Amino acid sequence: MTALSGTGALIRLVLRRDRVRIPVWVLGIAGTVLGSVSSFPAAYSDAASRQARAALMNNPATVIMTGPGYGLDHYTFGAMTANEMGGLTAVASALMSILLVVRHTRAEEESGRGDLVRAAVVGRHAATTAALVVVLGANVLLGAVIAAGLPTVLPALGAAGSLLFGASVTAVGAVFTGVAAVTAQVMEHSRAATGSAGALLATAFALRAAGDLGDGTLSWLSPIGWAQATRAYVDGRWWPLLPACALTALAVAAAYALRARRDEGAGLVRTRSARTSASARLNGAFGLALRLQRGLLAGWVLGFVVFGLFIGSMADQAASFVAENEMARRFFTRLGAGAATDALLATYMSLMAMVGTGYALQAVSLPRSEETAGHVEPLLGGTPLNRPRWLVGHLAATLLGSVLVVGLAGASAGLMFAATTGDVTAAAPVLLGALAHLPAVWVLVGVAVALFGLAPAAGGLVWAALAGVVFVGTFGPLLRLPEWVSNLSPFAHTPRLPGAEFTTTPLVVLTVLAVGLMVVGTTAFSRRDVG
Amino acid sequence: MPTTTTDESTAIAVSGLTKHYGRSRALDGLDLGVRTGEVHGFLGPNGAGKTTTIRILLGLLRADSGSAHLLGGDPWRDATSLHHRLAYVPGDVTLWPTLSGGEVIDLLGRLRGGIDPRRRAELLDRFDLDPGKKARTYSKGNRQKVGLVAALASDVELLVLDEPTSGLDPLMEEAFRECVREERRSGRTVLLSSHVLAEVEALCDRVTIVRDGRTVESGTLSELRHLTRTSISAELAGTGDGLAELSGVHDLSVDGDHVSCEVDSSALDAVLRQLGSIGVRSLTSRPPTLEELFLKHYEQSDGDRAVTR
């Protein structure tokens with residue numbers, strides 16, 4: 001038996017388990033790119049409108065969101081595709097890779113299924129290899145679909161540029177395939193493996209954003225920066241993908257080396273010895289829910305505080321840039337914001353709350369995973385704890401967590417902004433700007449709870465809803481989506497603070513809607529079978 | 001047969017219970033009656049509907065039809081108040097991997113309104129369980145011990161145990177039996193679903209045997225034995241004439257002065273009289289074991305697979 005025995009069978013197992021999941025990922029990402037690009041000619045019919053669009057690409061908010069902005073002098077559809085779709089598509093392929101790799105490596109070991117598999121004629125490296133082969137294959141497929149699809153939906157995009165664009169998406173996915181293979185060795189739990197790989201992705205995004213705002217040096221430390229440095233459709237450089245290939249190879253080699261040095265099921269971070277009795281806080285549904293998600297919450301709070309500090313520190317500098325830029329000023333004026341700084345901060349608080357909804361949805365998915373794991377049976381079947389109280393315990397922990405994640409990000413952004421401007425009163429409005437989005441976050445939590453009660457197997461749909469909300473929130477104005485489509489997003493109704501007028505009515509309506517959905521879900525859960 | 005009336009003397013009364021999962025039928029008119037203060041064995045092959053019945057009794061599932069009463073209440077409607085009075089150990093205890101065994105025991109105890117620390121310590125000692133390990137690191141047997149300690153440490157009227165000893169070593173099985181005997185002495189009712197027939201024989205006052213979602217037999221062990229045949233083997237003073245003519249005699253073999261046969265309980269009297277009239281030199285009679293009772297019911301599950309015993 002060699003270390004790779006059984007890899008072929010495991011590859012077939014992975015493909016069988018993900019025969020729906022992988023196509024959904026690939027078609028979802030590629031479909032979003034192709035769908036957006038196909039709307040370009042209608043939205044920007046002449047060169048003048050494209051140039052007007054190009055001018056907006058220089059404003060700091062857009063630079064942070066999308067990328068460095070190249071080819072702006074002659075803003076073709078190709079440059080538009082690469083500039084506006086490249087960064088986020090790369091992030092999407094990285095997310096796909098991280099989730100899939102951890103799912104087939106650490107999560108399998110953690111569940112105990114890994115032992116069952118390893119007891120067969122299966123080598124030490126077979127599971128890792130099978131996961132890498134399939135996920136790298138999925139990335140190649142994603143790149144190929146994009147490369148082939150782009151010239152099809154918009155002939156103005158050449159085949160050569162499209163191939164490079166697709167390859168750069170694949171390259172970022174490949175890097176994070178390797179990264180996730182490493183974190184899956186280091187961390188003992190799949191959640192931690194996903195979380196730490198996600199944190200590295202966030203770091204890559206932040207480095208790229210900071211570099212693109214500055215002189216571009218920092219961008220060269222980021223795989224996403226390398227993908228964008230290919231300047232597809234404009235300069236068509238392939239060589240920036242070389243470091244991505246090298247890093248992928250390095251990460252994969254590291255993953256194999258680490259795998260060879262550890263026990264099955266063990267992580268490299270040692271487990272501390274556990275307590276022999278429960279602390280006073282672990283005394284009911286809420287205490288248990290908080291305990292189960294404390295690692296998740298800590299990770300999100302940490303990441304969002306760093307993000308808040310970053311936004312707060314760059315807002316003033318970015319605003320002075322906006323003030324000098326006629327087009328950017330007009331863009332923000334059109335958003336209905338007064339000062340450019342306010343508009344910038346308001347945009348970021350809104351974006352941050354949308355991404356922070358990811359925490360809330362992860363936290364509120366715990367009841368379902370508790371149910372499928374069989375953990376609820378002794379609780380609901382063998383103790384007086386009833387279903388509404390159990391579910392409300394998880395909800396309360398989730399809502400509290402969402403206040404912490406969003407609120408602490410807002411507070412750190414506000415304090416950092418106040419520190420850089422020297423204006424102490426500037427902090428509170430930024431914090432309020434973050435908190436004002438919470439009712440919108442809760443609406444999505446409400447959707448998740450309603451699904452849990454009514455159609456638990458379809459709980460994943462709420463992530464599609466969040467993806468739609470983020471898409472509408474970021475691309476809606478650029479793609480000139482009809483107003484009713486944008487209004488489907490709860491974030492379209494929350495006041496954009498600081499700058500805009502603070503209105504309580506939408507906040508009350510959204511909160512009532514959220515509570516209503518939660519009541520529906522809780523009631524439905526009380527009436528259905530458990531398990 | 002169980003009744004649907006509920007009074008002080010009836011802990012569990014289930015009648016005509018049905019439950020479908022999509023197209024497959026898990027329960028098909030199951031009956032179960034457990035008297036207060038008894039240890040009741042709940043037997044049946046895998047997939048017979050034991051766990052589904054227990055999950056309905058715990059209010060986790062809602063029955064399609066039929067009635068179920070538990071401690072005088074409705075298991076679905078009154079789940080919260082009933083759960084103050086019962087404790088449950090599932091057949092496969094799954095625990096939160098990040099919590100230690102001690103934390104799980106305390107959490108479940110607190111949810112039930114508190115836990116007696118002395119009783120907790122005593123049970124940890126009896127089951128030889130280290131509470132200071134993350135549940136992830138426990139073996140199947142140790143996870144089962146966590147469930148047992150959490151349930152036995154609580155002061156309740158009814159213990160619902162679904163194959164509680166799976167994964168335990170023989171020493172721990174004995175500790176479990178001793179605990180159940182103590183529980184019965186202190187007046188508690190126990191519903192024990194089990195595959196370990198020796199355990200059921202050692203512990204249970206009455207048993208219910210289910211198959212394909214239906215109750216096939218219920219009663220005390222001696223009542224059940226009464227319904228089956230006794231093996232008789234004898235050396236006689238003469239030849240074994242006249243036995244073949246008696247009704248209720250099966251598998252008769254006569255070899256000179258040696259006879260052996262299987263006899264229905266109702267025919268025992270007549271057979272012994274006939275043997276006595278011939279003259280008996282030696283006689284062995286053996287009542288059916290629980291295994292034989294059990295197998296008799298299982299093997300009849302399909303007509304074409306039926307084995308005549």
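If you look chain B up in an unreviewed UniProt entry, it shows as ABC-2 type transport system ATP-binding protein from Halosaccharopolyspora lacisalsi.

Under an unreviewed UniProt entry, chain A has the name ABC-2 type transport system permease protein and belongs to Halosaccharopolyspora lacisalsi.

Asks: Can you lay out the environment of Gly476(A) for me, pointing to particular residues and giving the numbers?
Replies: All names here are of chain A. Among the structural elements, glycine 476 can be located in helix α23 (residues 461-479). Residue glycine 476 is classed as buried on the basis of its relative accessible area of 6%. Taking the C-alpha atoms as reference, glycine 476 lies 6.6 Å from serine 486; in sequence the two are ten residues apart. Sequence-distant contacts of glycine 476, defined by excluding residues within four places in its chain, comprise Phe471 and Leu481.

Asks: Explain empty space enclosed by the protein to me, using residue names and the numbers behind them.
Replies: Where empty space is left can be seen by rolling a probe of water-molecule size over the atoms. All names here are of chain A. Counted under the stated rule, the structure contains three cavities of 30 Å³ or more. Lining the largest cavity are 17 residues, and of these Leu10, His104, Glu108, Val117 and Ala127 lie nearest its centre. The greatest single-element share of the lining of the largest cavity, amounting to four residues, is contributed by helix α1 (residues 7-17). Of the residues contributing to the lining of the largest cavity, the split by class is six nonpolar, four polar and seven charged.

Asks: I'd love a proper account of the packing of aromatic side chains, names of residues and values included.
Replies: Residue and element names in this part refer to chain A. Inspection of every chain in the model, using the stated rule, returns nine aromatic pairs over all chains. With centroids separated by 6.2 Å and ring planes inclined at 45°, the aromatic side chains of phenylalanine 304 and phenylalanine 307 adopt a geometry described as tilted. A residue pair is termed a helical-turn pair when its members lie 3 or 4 positions apart in one helix, as phenylalanine 304 and phenylalanine 307 do in helix α15 (residues 294-324) at three residues. According to the relative accessible area criterion, phenylalanine 304 is buried, its value standing at 8%. Overall, phenylalanine 307 belongs to the partly exposed group, its relative accessible area being 26%. Taken together, the aromatic side chains of Trp300, Phe304, Phe307 and Tyr359 make up a single cluster linked through ring pairs. Sitting over the ring of phenylalanine 77, arginine 50 keeps its end group 4.5 Å from the ring centre. The ring of phenylalanine 525 carries the charged tip of arginine 387 above its face, separated from the ring centre by 5.6 Å.

Asks: Now, about the nonpolar core: what can you tell me, with residues and values included?
Replies: Counting residues in hydrophobic clusters, the biggest one holds 140 residues, and the most contacted among them are Trp390(A), Ile12(B), Leu32(B), Phe127(B) and Leu191(B). Per-element accounting of this core gives the leading share, 13 residues, to helix α17 (residues 340-364) of chain A. Once you skip the residues sitting within four places of it in the chain, Ile12(B) turns out to touch Leu32(B), Gly33(B), Val34(B), Leu57(B), His69(B), Leu70(B), Leu158(B) and Leu191(B). With 70 residues, the next largest nonpolar core counts Val26(A), Leu132(A), Ala180(A) and Ala193(A) among its residues.

Asks: Which residues make up the interface of chain B and chain A, and what values go with them?
Replies: Each side of the interface is counted separately: chain B has 36 residues, and chain A has 38 residues. Of the roughly 3200 Å² buried between chain B and chain A, counting both surfaces, carbon and sulfur atoms make up 56%. The three residues of chain B that bury the most area against chain A are Leu60(B), Trp96(B) and Leu111(B), which together make up 21% of that side's buried surface. The tally of links between chain B and chain A comes to four salt bridges. A salt bridge links Asp529(A) to Lys19(B), with the shortest nitrogen-to-oxygen separation between them at 2.5 Å. Tallying contributions element by element places helix α3 (residues 101-111) of chain B first for the side of chain B that touches chain A, with seven residues.

Asks: Residues and numbers for helix α25 (residues 505-527) of chain A, please.
Replies: Residues and elements named next belong to chain A. Taking 1.5 Å of rise per residue, 23 residues should cover 33 Å, and α25 covers 33 Å from first to last C-alpha, within 8% of that figure. Of all the residues in α25, the buried ones are Pro506, Leu507, Leu510, Ala514, Met518, Gly521, Thr522, Ala524 and Phe525. Looking at the buried positions of α25, the neighbouring elements they touch are α19 (376-382), α20 (387-421) and α22 (438-454).

Cut-off values and rules
Residues numbered from 1 in each chain as written. Chains lettered and ligands numbered in written order. Predicted model: local features only at pLDDT ≥ 70, side-chain atom pairs only at ≥ 80, totals over all residues. Heavy atoms only, no water. Helix = DSSP H or I, 4+ residues; strand = E, 2+ residues; numbered from the N terminus. Buried < 20%, exposed > 50% of the residue type's maximum accessible area, 1.4 Å probe, protein only. Contact = heavy atoms within 4.5 Å. 1 Å grid on protein atoms, 1.4 Å probe; cavity = no way out; pocket = protein on both sides within 12 Å on 5 of 7 lines; lining within 4 Å. Points joined across faces, edges and corners; volume = space filled by probe spheres on them. Nonpolar A, V, L, I, M, F, W, Y, C, P; charged D, E, K, R; others polar. Phe/Tyr/Trp six-rings, centres within 6.5 Å; stacked < 30°, edge-to-face > 60°. Lys NZ or Arg CZ within 6 Å of the ring centre and 35° of its normal. Core = buried A, V, L, I, M, F, W, Y, C linked by side-chain atoms within 4.5 Å. Buried area = accessible area lost by both parts, 1.4 Å probe. Salt bridge = Lys/Arg side-chain N within 4 Å of Asp/Glu carboxyl O. Expected span 1.5 Å × (residues − 1).

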